[in-house]
Amino acid sequence: MSLKNILVTGGNGQLGSDLKELFRQSHGVPFYFYRHQELDLLDERATRDFFGRQHFDYVINCAAYTAVDKAEEEKDSVKK
Ligand SMILES: NC(=O)c1ccc[n+]([C@@H]2O[C@H](COP(=O)([O-])OP(=O)(O)OC[C@H]3O[C@@H](n4cnc5c(N)ncnc54)[C@H](OP(=O)(O)O)[C@@H]3O)[C@@H](O)[C@H]2O)c1
């Protein structure tokens with residue numbers, strides 16, 4: 001069975017970092033961790049371009065808007 005390419009978004013967050021640590025011993029399974037600065041899921045065009053350029057078999061989404069204390073000031077981001 002061939003190895004699958006697995007993208008992990010929000011790779012720098014708490015969950016993403018834990019997965020990175022966990023998958024360190026994944027014996028060659030190709031995980032790709034992308035940080036917010038590298039892949040901003042709120043930027044639709046950049047996200048489409050990203051997935052147009054690269055193929056992933058699975059995506060584990062660890063990206064999330066968790067800055068609840070800023071939510072009142074950043075209503076546009078929260079709505080997306
Ligand atoms: N931690 C837990 O114990 C736990 C347990 C159960 C479920 N969850 C769920 O797992 C998810 C992640 O939680 P977390 O604790 O890992 O939160 P976190 O530490 O705040 O991580 C969220 C990550 O998402 C990134 N992010 C935010 N907006 C983004 C965007 N538009 N595009 C790409 N990346 C973006 C953040 O980058 P910046 O910091 O640069 O903005 C950050 O790296 C949430 O849905 C949470 O409810 C977490």
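For the structure, check the block above.
The written sequence of each chain sets the order in which its residues are numbered from 1. Side-chain atom pairs in this predicted model are given and counted only at pLDDT of 80 or more, local residue features only at pLDDT of at least 70, and totals for whole chains, interfaces and linings cover all residues. Side-chain metrics rest on all non-hydrogen atoms present in the structure, leaving aside hydrogens and water.

## What about the environment of glycine 28?
Put simply, DSSP marks the helices as runs of H or I at least four residues long and the strands as runs of E at least two long, and each gets a number from the N terminus on. Mapped onto the elements of the fold, glycine 28 is located in the loop between helix 1 (14-23) and strand 2 (31-33). Sequence-wise, glycine 28 and leucine 3 are 25 residues apart; in three dimensions their C-alpha atoms are separated by 8.2 Å.

## Focus on the pattern of salt bridges
Put simply, a salt bridge is a Lys or Arg side-chain nitrogen that is within 4 Å of an Asp or Glu carboxyl oxygen. Scanning all chains against the criterion turns up 3 salt bridges. A salt bridge links arginine 24 to glutamate 21, with the nearest nitrogen and oxygen atoms 3.0 Å apart. Each residue is assigned to one of three classes by its accessible area relative to the maximum for its type, calculated with a 1.4 Å probe on protein chains only: buried under 20%, partly exposed between the two thresholds, exposed over 50%. Exposure remark for arginine 24: the relative accessible area of 59% places this residue in the exposed category. The salt bridge partner of glutamate 44 is arginine 48, with a shortest N-O separation of 3.1 Å. In this pair, glutamate 44 and arginine 48 are both assigned in helix 2 (residues 44-53), 4 residues apart and thus about one turn of the helix distant.

## Quick notes on the packing of aromatic side chains
Any two aromatic rings considered together are summarised by their centre-to-centre distance and by the angle between their planes. To pair, rings of Phe, Tyr and Trp, with the six-membered ring standing in for Trp, must have centres within 6.5 Å; the planes then decide the type, stacked if under 30 degrees apart, edge-to-face if over 60, and tilted in the middle. Applying the stated rule across the entire model yields 7 aromatic pairs. Aromatic pair tyrosine 32 and phenylalanine 56: ring centres 5.8 Å apart, planes at 65°, arrangement edge-to-face. Note that tyrosine 32 is positioned in strand 2 and phenylalanine 56 in the loop between helix 2 and strand 3 (58-61), a separation of 24 residues in sequence. Among the aromatic residues, those joined into a cluster by ring pairs are Tyr32, Tyr34, Phe50, Phe51 and Phe56.

## Here's the deal with the sheet that holds strand 1 (residues 6-9)
DSSP calls a pair of strands paired once it identifies at least 2 bridges connecting them. Taking strand neighbours across the sheet as the criterion, the 3 strands line up as 2-1-3 in an open arrangement whose pairing is parallel. Strands at the two margins of the open sheet, each flanked by one partner only, are strand 2 and strand 3. For this sheet, the mean inter-axis angle between neighbouring strands, taken without regard to orientation, is 20°. Across 4 bridges, the pairing between strand 1 and strand 3 is parallel. What sits directly across from leucine 7, in strand 3, is valine 59. Axis lines are fitted to C-alpha atoms, over the contacting stretch for helices. Their N-to-C directions set the angle, which ranges from 0 to 180 degrees.

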